[in-house]
Amino acid sequence: YHDLGARLLRWRGRWRERGHGRTAQCARKFEFADFGAAPAPAAALVACVVPAAWLMVTDVVATRNGAAWVADAGQLRMLSQRLAKASLQSLLGNPEAFKQVDASRGAFSAILDRLVKGGQTAGGDAVPPSPDRVLPTLEALQKEWDKTDRNVGVLLREQKNLVGLGAAVAQVNGANPQLLDLAE
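Keep in mind that this is a model prediction, so the values were computed, not measured.

Caption draft 1: Spatial organisation of the overall build of the protein chain. Within the protein chain one finds 7 helices and 2 strands. The order of α-helices and β-strands along the protein chain, N terminus first, is α-α-α-α-β-β-α-α-α. Going through the 184 residues of the protein chain one by one, you find that 20% of them count as buried. Contacts in the protein chain between residues far apart in sequence, at least 24 positions, make up 61% of those at least 6 positions apart.

Next comes the structure, spelled out in structure tokens:
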């Protein structure tokens with residue numbers, strides 16, 4: 001294994017000694033000892049392999065980025081639904097809902113920012129900004145999110161009052177079932 005050229009030379013010599021005419025003629029066409037007789041096939045191989053490898057790498061990167069963008073878009077959808085549900089529960093004074101509202105708000109902002117500007121995914125992969133063809137959609141979403149974010153901020157600032165109001169309503173409802181029947 002250390003001297004492959006010498007081994008191939010010995011192999012070619014044995015073929016010639018045994019009188020394998022046609023094989024010996026074929027063996028003479030290629031100089032196995034110096035490997036310099038076939039630069040054109042090697043260059044052609046490199047010329048094909050390098051672009052193919054480059055295409056494979058760029059395709060893998062594009063697929064990974066596309067998958068990250070799609071996953072982020074799905075997360076935004078889920079977070080918007082969670083934010084709507086938790087906001088309604090917050091208005092009723094549910095203290096746990098405020099935690100969900102705050103967490104959803106932060107996650108939504110981070111993901112939208114990553115889609116627009118690029119950044120690190122939750123898995124630690126770096127993702128570039130979204131393609132130019134989707135930026136108008138993301139800009140429109142950003143404008144809507146800015147409005148929603150301001151409203152969520154108001155909701156979170158009123159947490160103490162809403163939790164107190166929810167507790168008072170629960171106390172009134174628990175203390176006076178007849179009043180509840182009349183209200184319905």
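Caption draft 2: Geometry of the environment of Ala122. Within the element layout of this structure, Ala122 appears in the loop between β1 (119-120) and β2 (126-127). For the pair Ala122 and Ala68, spaced 54 residues apart in the sequence, the C-alpha separation amounts to 9.8 Å.

Caption draft 3: Spotlight on the pattern of salt bridges. Taken as a whole, this structure holds 5 salt bridges when the rule is applied. Arg114 is the partner of Asp72 in a salt bridge, and the nearest nitrogen-oxygen pair spans 2.9 Å. Taken together, the positions of Asp72 in helix α3 (residues 39-91) and Arg114 in helix α4 (residues 95-117) put the pair 42 residues apart, joining distant regions of the chain. Given a relative accessible area of 6%, Asp72 falls into the buried group. Among the residues examined, Arg114 registers a relative accessible area of 13% and is labelled buried. Taking the shortest distance from any N to any O, the salt bridge between Glu96 and Lys99 comes out at 3.2 Å. Of this pair, Glu96 and Lys99 both sit in helix α4, 3 residues apart, which is roughly one turn of that helix. In this structure Lys99 comes out as exposed when scored by relative accessible area, which is 55%.

Caption draft 4: Molecular detail of the nonpolar core. Grouped together as the largest cluster of nonpolar side chains are 19 residues, with contacts concentrated most on Leu76, Val101, Phe108, Leu112 and Leu115. Of all the secondary-structure elements, those providing two or more residues to this core are α3, α4 and α5 (135-157).

Caption draft 5: Region of interest: the side chain of Ser90. Following the sequence through the fold, Ser90 ends up in helix α3. Contacts of Ser90, omitting those with residues within four sequence positions, involve Ala97, Phe98, Val101, Leu155 and Leu162.

Here is what the cut-offs are and how they apply
Residues numbered from 1 in each chain as written. Predicted model: local features only at pLDDT ≥ 70, side-chain atom pairs only at ≥ 80, totals over all residues. Heavy atoms only, no water. Helix = DSSP H or I, 4+ residues; strand = E, 2+ residues; numbered from the N terminus. Buried < 20%, exposed > 50% of the residue type's maximum accessible area, 1.4 Å probe, protein only. Contact = heavy atoms within 4.5 Å. Salt bridge = Lys/Arg side-chain N within 4 Å of Asp/Glu carboxyl O. Core = buried A, V, L, I, M, F, W, Y, C linked by side-chain atoms within 4.5 Å.

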